[in-house]
Protein chains: 2
Amino acid sequence: MLWRDDKCRVVLVADPDHAGYCRVIWQAHLKEMTDLADADQLHCMRVVLAVERALRNVLKPHKINLAEFGNLTPHLHWHVIARDVHDAHFPNPIWGARQRQTRHGATQLSASRLREQLTFEISNLLQ
Amino acid sequence: MLWRDDKCRVVLVADPDHAGYCRVIWQAHLKEMTDLADADQLHCMRVVLAVERALRNVLKPHKINLAEFGNLTPHLHWHVIARDVHDAHFPNPIWGARQRQTRHGATQLSASRLREQLTFEISNLLQ
């Protein structure tokens with residue numbers, strides 16, 4: 001867990017191919033963004049974009065990918081993923097065909113240091 | 001084109017596998033949501049979620065999928081896709097492995113009628 005409040009939580013996903021992969025998970029059981037009240041939609045996107053900004057600050061990725069699917073798990077959650085031109089799937093979405101075996105997208109930072117820095121950035125941005 | 005203002009435009013994508021597939025394209029050449037000013041982030045999400053609501057109203061899909069990638073085209077744009085359990089890729093994202101040949105995800109509505117209804121709904125929601 002990187003951050004949480006009473007509405008949602010932010011976790012770092014343990015994905016061997018993609019180091020900077022976070023999820024924002026809404027606490028209440030709802031399916032779609034348009035099931036949220038207006039204020040909650042704003043809050044949710046504020047958190048998603050704080051995670052985007054934190055990943056940019058810490059990892060300086062080539063691109064951020066944002067996605068909200070929930071086809072298998074119809075509980076509102078966002079994927080926020082730092083992409084690198086050398087990562088396993090680039091330029092495909094990470095759900096597309098693998099392009100290479102390399103784990104080049106991984107950061108030089110240790111997992112614990114990455115977790116620490118993202119926690120710091122997100123908390124700071126959402127103060 | 002389904003809708004536009006001076007900031008962004010909404011188009012219906014001609015995808016034979018996915019009838020209710022829209023894109024929201026930001027006019028200014030920017031790469032990431034966090035490159036937008038706060039007010040523009042809000043505006044962009046307001047339009048994206050109006051398209052989500054319009055697709056729900058018109059097509060009653062199983063799930064909406066939202067995505068902002070831009071790995072190949074680093075110009076801010078959102079995919080807003082109505083998903084059906086019988087569509088070509090479900091439960092995968094539409095960028096994942098095809099699951100079936102059927103075009104079952106297609107609506108009974110003609111393309112022109114769908115376009116008309118979505119235009120009406122989006123305009124209404126963004127008034």
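Residues numbered from 1 in each chain as written. Chains lettered and ligands numbered in written order. Predicted model: local features only at pLDDT ≥ 70, side-chain atom pairs only at ≥ 80, totals over all residues. Heavy atoms only, no water.

Time to look at helix α2 (residues 111-125) of chain A. Residue and element names in this part refer to chain A. The terminal C-alpha atoms of α2 lie 21 Å apart, and with 15 residues this matches the ideal 21 Å at 1.5 Å per residue to within 8%. Among all positions of α2, only L114, L118, E121 and I122 are buried. When α2 is viewed along its axis, its buried side chains cluster within an angular range of 95° and face the same direction. Turned more than 90 degrees off the buried face of α2, the exposed positions are S112 and F120. Residues of α2 that are buried sit in contact with β1 (3-4), β2 (8-12), β3 (21-26) and α1 (38-59). (Helix = DSSP H or I, 4+ residues; strand = E, 2+ residues; numbered from the N terminus. Expected span 1.5 Å × (residues − 1). Buried < 20%, exposed > 50% of the residue type's maximum accessible area, 1.4 Å probe, protein only. Arc of directions from axis to C-beta. Contact = heavy atoms within 4.5 Å.)

Residue and element names in this part refer to chain B. By the element assignment, H79 lies in strand β5 (residues 77-83). Classification of H79 as buried rests on a relative accessible area of 6%. Reaching out from H79, the side chain makes a polar contact with the side chain of R23 at a distance of 3.5 Å. With residues up to four places along the chain from it excluded, the contact list for H79 reads Y21, C22, R23, N65, L66, A67, F69 and W95. (Polar contact = N/O pair within 3.5 Å; in protein donor to acceptor, adjacent residues only side chain to side chain.)

Bringing the relation of the copies chain A and chain B into the picture now. Taken as rigid bodies, chain A and chain B are interconverted by a rotation of 180° and an axial shift of 0.0 Å, the fit giving an RMSD of 0.0 Å. Between the two chains, the operation in question is that of a two-fold axis. A shared binding surface is used by both copies, with 100% of the interface residues of chain A retained as interface residues in chain B. (Least-squares fit on C-alpha atoms with pLDDT ≥ 70 in both.)

This paragraph deals with the packing of aromatic side chains. With the rule as written, the count across this model stands at five aromatic pairs over all chains. Ring geometry for F69(A) against W95(A): centres 4.9 Å apart, planes inclined by 80°, an arrangement best described as edge-to-face. Of the two residues, F69(A) sits in the loop between β4 (63-68) and β5 (77-83) while W95(A) sits in the loop between β5 and α2, which places them 26 residues apart along the sequence. Measuring from ring centre to ring centre gives 6.3 Å for W95(A) and F69(B), while their planes differ by 40°; the resulting arrangement is tilted. Separated into two different chains, W95(A) in the loop between β5 and α2 and F69(B) in the loop between β4 (63-68) and β5 make up a pair that spans both. Note on W95(A): relative accessible area 23%, which makes it partly exposed. The exposure class of F69(B) is buried, given its relative accessible area of 4%. Site record: aromatic cluster; members linked through ring pairs are F69(A), W95(A), F69(B) and W95(B). (Phe/Tyr/Trp six-rings, centres within 6.5 Å; stacked < 30°, edge-to-face > 60°.)

All names here are of chain B. Relative to each other, helix α1 (residues 38-59) and helix α2 (residues 111-125) sit at 130°, their axes nearing to 9 Å. On the basis of the axis angle, α1 is oblique to α2. You can see that α1 and α2 cross each other, and the crossing is right-handed. Of α2, the residues touching α1 (which contributes R46, A50, V51, R53, A54, L55, N57, V58 and L59) are L114, Q117, L118, E121, I122 and L125. Partitioned by chemical class, the residues of the contact of α1 with α2 number 10 nonpolar, two polar and three charged. (Axes fitted to C-alpha atoms, helices over the stretch in contact; angles between N-to-C directions. Parallel < 35°, antiparallel > 145°, perpendicular 65-115°, else oblique. Left-handed = near helix turned anticlockwise from the far one by under 90°. Nonpolar A, V, L, I, M, F, W, Y, C, P; charged D, E, K, R; others polar.)

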